[in-house]
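Below are the chains, spelled out letter by letter.
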Amino acid sequence: MIERRTFDSLGQADHGWLRARHHFAFADYDRADRVNWGALRVWNDDEIAPGSGFPLHPHANMEIVTYVREGAVTHQDSLGNRGRTEAGDVQVMSAGSGIRHAEYNLEPVTTKIFQIWIIPRQAGGAPTWGAKPFPKADRAGRFTPLASGYAEDTEALPIRADARVLGAALRAGETTEYALGEGRKAYLASAKGAFELNGERIEARDGAAVQDEAVLAVRALEDAELLLVDVA
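Regarding the overall build of the protein chain
Tallying secondary structure elements over the protein chain gives zero helices and 22 strands in all. Its C-alpha radius of gyration of 16 Å places the protein chain within 12% of the 17 Å reference for a compact globule of 232 residues. The principal-axis extents of the C-alpha atoms in the protein chain amount to approximately 45 × 40 × 35 Å. Pairs at least 24 residues apart make up 71% of the contacts formed inside the protein chain by residues separated by at least 6 positions. As displayed, the protein chain offers around 9,900 Å² of accessible surface, 49% of which is attributable to carbon and sulfur atoms. With 26 positive and 34 negative side-chain charges, the protein chain shows a spacing of 2 Å between the two charge centroids.

Shown next as structure tokens:
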């Protein structure tokens, strides 16, 4: 089963400095049928104006993965961490028992991100933050783990959830497959470029909620930059 969620059907928010689309119920977007997809709780498509951002605010008991599509995000938190994550790279925050952080766009251009929240295996634990570059050449033609709750994904940023966040960069006409384990769910979106998923066309920035599909067969209809979450 593949449920396509068109970009126009997503929740919307426009705060001037922040323009957002919500794949799942979030803030004023109240959708009982889109509260979560397995352990995947939030997928926000955010555009942050230059010289603005999210001031210091709290999180707890959530794995928060930020994929930068364009521009860069500057992070600082109550643990003393500070970092700048550029386009194509990933940052992960395990909020654990509680952390306060801020995210700013200090660039002269609009920053565009996907921010993904995943419910952890268990509540509590010491909060952590980390970031890592993921060159597109390393995920050319295939899905590569970017953040993972599994020890075998040694190159991925660690998260405390039964989940993987994977990225793929495909040229127009290129194909790849991903095996989805029994009882697992997947959610896919393209930062840029339309693609086919098991024969169904998915436009850039649409979402695709998948279950009961043993294999995800993906074909890029244009040069495409894809993100996939695999969750229990």
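Read on for the rest.
Thoughts on the pattern of salt bridges
Taken as a whole and assessed by the stated rule, the structure comprises 19 salt bridges. Of the charged contacts, one joins R4 and D206 as a salt bridge, the two residues approaching to 2.8 Å between their closest N and O atoms. Placement of the pair is R4 in strand β1 (residues 2-5) and D206 in the loop between β19 (200-202) and β20 (207-211), with a sequence separation of 202 residues. Judged by relative accessible area, D206 falls into the buried class, the value being 3%. Salt bridges sharing partners connect three or more residues here, namely D45, E47, R69 and R205.

Quick look at the environment of Q91
For Q91, the position within the fold is in strand β9 (residues 90-94). For Q91, a relative accessible area of 3% puts it in the buried group. For the pair Q91 and L146, spaced 55 residues apart in sequence, the C-alpha to C-alpha distance is 9.4 Å. With residues up to four places along the chain from it excluded, the contact list for Q91 reads I64, V65, T66, V73, H75, T85, E103, W129, G130, A131 and L157. Side chain to side chain, Q91 and T85 meet in a polar contact 3.4 Å long.

Observations concerning the sheet that holds strand β11 (residues 111-118)
Sheet architecture is open: seven strands sit in the order β2-β3-β4-β11-β6-β9-β12, paired in antiparallel fashion. Since the sheet does not close on itself, it has two edges, and those belong to β2 (11-14) and β12 (128-132), each with one partner. The sheet shows a mean angle of 15 degrees between the axes of neighbouring strands, taken without regard to direction.

Here we look at the packing of aromatic side chains
Centre-to-centre distance and the angle between the planes together describe a pair of aromatic rings. Applying the stated criterion across every chain yields a total of six aromatic pairs. Note on F24 and Y187: the rings are 5.2 Å apart at their centroids and 50 degrees apart in plane angle, and the pair reads as tilted. Within this pair, whereas F24 is found in the loop between β3 (18-22) and β4 (40-48), its partner Y187 is found in strand β17 (residues 185-192), the two being separated by 163 residues in sequence. Taken together, a centroid distance of 5.5 Å and an interplanar angle of 65 degrees make the contact between W43 and F114 edge-to-face. Here F114 lies in strand β11 and W43 lies in strand β4, a separation of 71 residues in the sequence. Take F114: its relative accessible area is 0%, and that puts it in the buried class. Taken together, the ring pairs connect F24, W43, F114 and Y187 into an aromatic cluster. The ring of F7 has R21 lying over it, and the distance from NZ or CZ to the ring centre is 4.2 Å. Over the face of the ring belonging to F114 we find R69, whose NZ or CZ atom lies 4.7 Å from the ring centre.

A short note on the nonpolar core
Core analysis: the biggest nonpolar cluster contains 27 residues, and L40, W43 and I118 have the highest contact counts within it. The set of elements that each furnish at least two residues to this core consists of β4, β6 (63-70), β9, β11, β13 (144-148), β15 (163-170), β17 and β22 (224-231). Beyond its immediate sequence surroundings of up to four residues, I118 is in contact with A39, L40, M62, E63, I159, A161, A163, V165 and V229. Of all hydrophobic cores here, the second largest spans 20 residues; its members include I2, L180, A186 and L197.

Definitions and limits used
- Residues numbered from 1 in each chain as written.
- Predicted model: local features only at pLDDT ≥ 70, side-chain atom pairs only at ≥ 80, totals over all residues.
- Heavy atoms only, no water.
- Helix = DSSP H or I, 4+ residues; strand = E, 2+ residues; numbered from the N terminus.
- Rg over C-alpha atoms; globule rule 2.2 N^0.38 Å.
- Contact = heavy atoms within 4.5 Å.
- Areas by Shrake-Rupley, 256 points an atom, 1.4 Å probe, with all protein chains shown as cover.
- Lys, Arg positive; Asp, Glu negative; His and termini not counted.
- Charge placed at Lys NZ, Arg CZ, Asp CG, Glu CD.
- Salt bridge = Lys/Arg side-chain N within 4 Å of Asp/Glu carboxyl O.
- Buried < 20%, exposed > 50% of the residue type's maximum accessible area, 1.4 Å probe, protein only.
- Polar contact = N/O pair within 3.5 Å; in protein donor to acceptor, adjacent residues only side chain to side chain.
- Pairing = 2+ DSSP bridges.
- Axes fitted to C-alpha atoms, helices over the stretch in contact; angles between N-to-C directions.
- Phe/Tyr/Trp six-rings, centres within 6.5 Å; stacked < 30°, edge-to-face > 60°.
- Lys NZ or Arg CZ within 6 Å of the ring centre and 35° of its normal.
- Core = buried A, V, L, I, M, F, W, Y, C linked by side-chain atoms within 4.5 Å.

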